[in-house]
Amino acid sequence: MMVADTPTTLAEWQALAATLDFETRAFVNGEFVPAMDGSTLTSINPATGETLAQVASCDAPDAEKAIQAARAAFEEGSWSRSDPGKRKQVLLRLADLVDANRHELALLDTLDMGKPISSALGDLSGTIACLRYQAECIDKLYGEVAPTGDGALGLVLHEPIGVVAAIVPWNFPMMMTSWKIAPALAAGNSVILKPSEKSPLSALRLAQLAQEAGIPKGVFQVLPGYGHTVGKALALSMQVDCVAFTGSTAVGKQLMQYAGQSNLKRVFMECGGKSPNIVFADCQHLDAVARSAAEAIFHNQGEVCTAGSRLLVENSIREDFVARVIKAAEQMQPGNPLDPDSFMGAMVDEAQFKRVLDYIRQGVSEGATLKLGGEASNSKGYFLPPTIFDDVTPEMTIGREEIFGPVLSVFGFDTEEQAIGLANDSNYGLAAGVWSQDIDRIMRVSRRLQSGQVYVNNWSGIDQTVPFGGVKQSGNGRDKSLHAQEKYCEVKTVWVSLNI
Ligand code: NAD
């Protein structure tokens, strides 16, 4: 499949954006349809505040219709019981189609939620890699034969769970979607995707590509709409067997309640974070480390679950190191998201913009030292600059809560023990960083950090081969790698008596 050359200038991206034709209807049982009650929600471009599209806003009756179609497709078996090689072929074809349309999909995410186009293109690479990896795994995962005595054969089979509702956030719309749907579809489930109400456009384009790739009707469906309407209906349904969720910890807790109130469905959650990035005085290449520390929080406007939002610096180098982080951050000012040179774009919407500004005010009023940024620019659109606070303590709101914006909180420490204590003093446990040249220290600290992933002398170094997820209130279950596909399967034992 031909992939067009990537546009390289703002003007070229603007020209491409002007040609876009948005799909705004839900995708149910193989058809694009409006919400049953005709409701729509408004998708805005946060870089301009302008309306992009009116998108179908689904509710409980739409969920019911999609669930019935998903269940029927699952029982009928043309996907769930198909030859794994067939599912592999179809998903690889979907990956190729996403690849061929990567510019359009990246553009949809940039327009819908404000991330820079360079970053959206990076997300698309991750999306395609995830689809390909999970497709390739389909026919390489074996069941087991249990070590029984001669009189029996114990088979351990992996079977798809059934109907999976994938409920995803807006910060990496395509990539988070792929982390859920690729392994769930690969395992043979029927999947209903509910994109965030703040970023539904790329998911609806993906539905068109899924249809073109040959995924049977009812096996993949997309219901745009709000969480408290269609999301809740999916999570409360007795006919949905699993909710695969990425989003806030507060909503994750609600989903567990819905599971308890209904059919005890499996709920896999990737939730929030307040990740510590620990810099010891023995670490080298301080300018590069400082740049990485700045990128760890300011990438994607700080709207990243694994943002390195707590920077823990050994006091003997703190003043010098923070000055280097500030210097790096000054080069990361937000710009037009369609400009390939912009490192940061716009905040997703007015609510998130105001929420982050409130946190900044709280940081000042609770006594942290504002070293950089802190004020929005006067331009239209929701732009916030890199903001850095020093002298933060764990009692302060900005030292504890997930801000989900470009705000870095710097803490000082004197000993390794103190650094570990500060790092683990959080409800969250998603990511952590350790910067040091001392391998003994690196291993000691890495093992004691309560975190789903630990980055040593880097931040965010991950690919499809390693699992991703959190501990504590950052969630459960793992996306990516073989672990992801396993979680969308039931383990069944078939015990065969041989001496009857
Ligand atoms: P959110 O929790 O508000 O929404 C996430 C999704 O849940 C959306 O589709 C939303 O419509 C839906 N939802 C909301 N209320 C619901 C309800 N009552 N029932 C069913 N569905 C409901 O999160 P967000 O603002 O979209 O995203 C930001 C959050 O996501 C942050 O906390 C961030 O850390 C987290 N996140 C985590 C990861 C990870 O892998 N751990 C990755 C990206 C984002």
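Definitions and limits used
- Residues numbered from 1 in each chain as written.
- Predicted model: local features only at pLDDT ≥ 70, side-chain atom pairs only at ≥ 80, totals over all residues.
- Heavy atoms only, no water.
- Helix = DSSP H or I, 4+ residues; strand = E, 2+ residues; numbered from the N terminus.
- Rg over C-alpha atoms; globule rule 2.2 N^0.38 Å.
- Buried < 20%, exposed > 50% of the residue type's maximum accessible area, 1.4 Å probe, protein only.
- Contact = heavy atoms within 4.5 Å.
- Areas by Shrake-Rupley, 256 points an atom, 1.4 Å probe, with all protein chains shown as cover.
- Lys, Arg positive; Asp, Glu negative; His and termini not counted.
- Charge placed at Lys NZ, Arg CZ, Asp CG, Glu CD.
- UniProt positions renumbered as here; feature names shortened; annotations may be inferred.
- Near = heavy atom within 4 Å.
- Polar contact = N/O pair within 3.5 Å; in protein donor to acceptor, adjacent residues only side chain to side chain.
- Nonpolar A, V, L, I, M, F, W, Y, C, P; charged D, E, K, R; others polar.
- Patch = residues over 30% accessible without salt bridge, like charges linked within 9 Å, V, L, I, M, F, W, Y side chains within 5 Å.
- Salt bridge = Lys/Arg side-chain N within 4 Å of Asp/Glu carboxyl O.
- Core = buried A, V, L, I, M, F, W, Y, C linked by side-chain atoms within 4.5 Å.
- 1 Å grid on protein atoms, 1.4 Å probe; cavity = no way out; pocket = protein on both sides within 12 Å on 5 of 7 lines; lining within 4 Å.
- Points joined across faces, edges and corners; volume = space filled by probe spheres on them.
- Pairing = 2+ DSSP bridges.
- Right-handed = clockwise from strand over helix to strand, strands pointing away.
- Phe/Tyr/Trp six-rings, centres within 6.5 Å; stacked < 30°, edge-to-face > 60°.
- Lys NZ or Arg CZ within 6 Å of the ring centre and 35° of its normal.

1. Points about the overall build of the protein chain
- Of regular secondary structure, the protein chain possesses 16 helices and 20 strands.
- For the protein chain, the C-alpha radius of gyration of 23 Å lies close to 23 Å, the compact-globule estimate for 500 residues.
- Its C-alpha atoms give the protein chain principal-axis dimensions of about 75 × 60 × 45 Å.
- Each of the 500 residues in the protein chain was classed as buried or not, and the buried ones make up 58%.
- Long-range contacts, defined here as pairs at least 24 residues apart, represent 74% of the contacts in the protein chain between residues at least 6 apart.
- Split by element, the accessible area of the protein chain, about 19700 Å² in all, is 51% carbon and sulfur.
- Each charge sign in the protein chain was given a centre, from 42 positive and 58 negative side chains, and these centres are 4 Å apart.

2. Here's the deal with the UniProt feature "domain: Aldehyde dehydrogenase" (unreviewed entry) in the protein chain
- As annotated in UniProt, the feature "domain: Aldehyde dehydrogenase" (unreviewed entry) corresponds to residues 37-494 in the numbering used here.
- Across residues 37-494, helical content stands at 42% and strand content at 19%; the span's end C-alpha atoms are separated by 46 Å.

3. Topic: the UniProt feature "active site" (unreviewed entry) in the protein chain
- Per the UniProt annotation, the sites labelled "active site" (unreviewed entry) are Glu270.
- With respect to the element layout, Glu270 can be found in strand S11 (residues 266-270).
- Beyond its immediate chain neighbours, meaning those up to four positions away, Glu270 contacts Lys180, Phe245, Thr246, Gly247, Phe468, Gly469, Gly470, Ser474, Gly477, Arg478, Asp479 and Lys487.

4. With respect to the site of the ligand
- For the ligand, the set of nearby residues contains 29 residues, the closest of which are Val168, Glu197, Ser248, Cys271 and Glu402.
- One of the side-chain N or O atoms of Ser248 is found 2.6 Å from an oxygen atom in the ligand.
- In the complex, 91% of the free accessible area of the ligand, which totals 850 Å², lies under the protein chains.
- Sorting the residues of the shell around the ligand by element identifies helix H8 (227-236), strand S10 (242-246) and helix H9 (249-261) as the ones contributing at least two each.
- Of all the elements, H9 adds the most residues to the shell around the ligand, at four residues.
- Looking at the shell around the ligand residue by residue, the classes come out as 15 nonpolar, nine polar and five charged.

5. Things to note about a nonpolar patch on the surface
- Judged by side-chain polarity, Val145, Leu153, Val496 and Leu498 come together as a nonpolar surface patch covering roughly 310 Å² of accessible area.
- Taking relative accessible area as the criterion, Leu498 reaches 45% and is therefore assigned partly exposed.

6. A short note on the nonpolar core
- In terms of nonpolar packing, the biggest core is built from 100 residues, with Leu94, Phe220 and Phe321 touching the most fellow members.
- For this core, the element with the most residues is helix H6 (residues 173-186), which contributes nine residues.
- With 28 residues, the next largest nonpolar core counts Ala368, Ile420, Ala423 and Ala432 among its residues.

7. Quick word on the layout of surface pockets
- By volume, the largest pocket is sized at about 730 Å³.
- Along its surface, the largest pocket is lined by 31 residues, and Trp170, Phe245, Gly247, Ser248 and Val251 are the ones closest to its centre.
- Elements represented by at least two residues in the lining of the largest pocket include exactly H8, S10, H9 and helix H12 (350-365).
- Considered class by class, the residues forming the lining of the largest pocket number 13 nonpolar, eleven polar and seven charged.
- Estimates place the volume of the second largest pocket at around 500 Å³.
- Considering the residues around the second largest pocket, the lining is formed by 22 residues, among which Arg87, His158, Glu159, Pro160 and Ala187 are closest to the centre.
- No other element matches the four residues that strand S6 (residues 152-160) contributes to the lining of the second largest pocket.

8. Topic: the pairing of strand S17 (residues 431-435)
- Burial within S17 is extensive, with five of its five residues counted as buried.
- Neither face of S17 is open: one carries Ala431, Gly433 and Trp435, the other Ala432 and Val434, and all of them are buried.
- Examined bridge by bridge, strand S12 (residues 276-279) and S17 share three bridges and lie parallel to one another. The partner of Ile278 across the bridge, within S17, is Val434.
- Pairing between S17 and strand S18 (residues 453-456): four bridges, direction parallel. Opposite Val434, over in S18, you have Val456 as the bridge partner.
- With helix H15 (residues 439-448) bridging S17 and its parallel neighbour S18, the resulting β-α-β unit is right-handed.

9. Some words on the packing of aromatic side chains
- For the coordinates displayed, the defined rule picks out seven aromatic pairs.
- Between Phe27 and Phe32, the ring centres sit 4.6 Å apart and the planes meet at 35 degrees, which makes this aromatic pair tilted. Residue Phe27 shares its accessibility class with Phe32, and that shared class is buried.
- When the ring of Phe268 is compared with that of Tyr488, the centres are 6.2 Å apart and the planes differ by 80 degrees; the resulting orientation is edge-to-face. One end of the pair, Phe268, is in strand S11; the other, Tyr488, is in the loop between helix H16 (481-487) and strand S20 (489-497), with 220 residues separating them in the sequence. Across the pair, exposure class does not vary: Phe268 and Tyr488 are buried alike.
- The positively charged end of Arg441 is found above the aromatic ring belonging to Phe280, 4.1 Å away from the centroid.

10. A look at the side chain of Thr249
- Here Thr249 lies in helix H9.
- According to the relative accessible area criterion, Thr249 is buried, its value standing at 10%.
- At 2.8 Å, the side chain of Thr249 forms a polar contact with the backbone oxygen of Gln473.
- Not counting residues within four places of it along the chain, the set of residues in contact with Thr249 comprises Cys271, Gly272, Tyr428 and Gln473.

11. Things to note about the sheet that holds S6
- The antiparallel open sheet is built from three strands, whose spatial order is S5-S6-S20. Edge strands, defined here as strands with exactly one partner in the open sheet, are strand S5 (144-145) and S20.
- Pairing of S5 with S6, which is carried by two bridges, proceeds in the antiparallel orientation. Note that in S6 the partner of Val145 across the bridge is Leu155.

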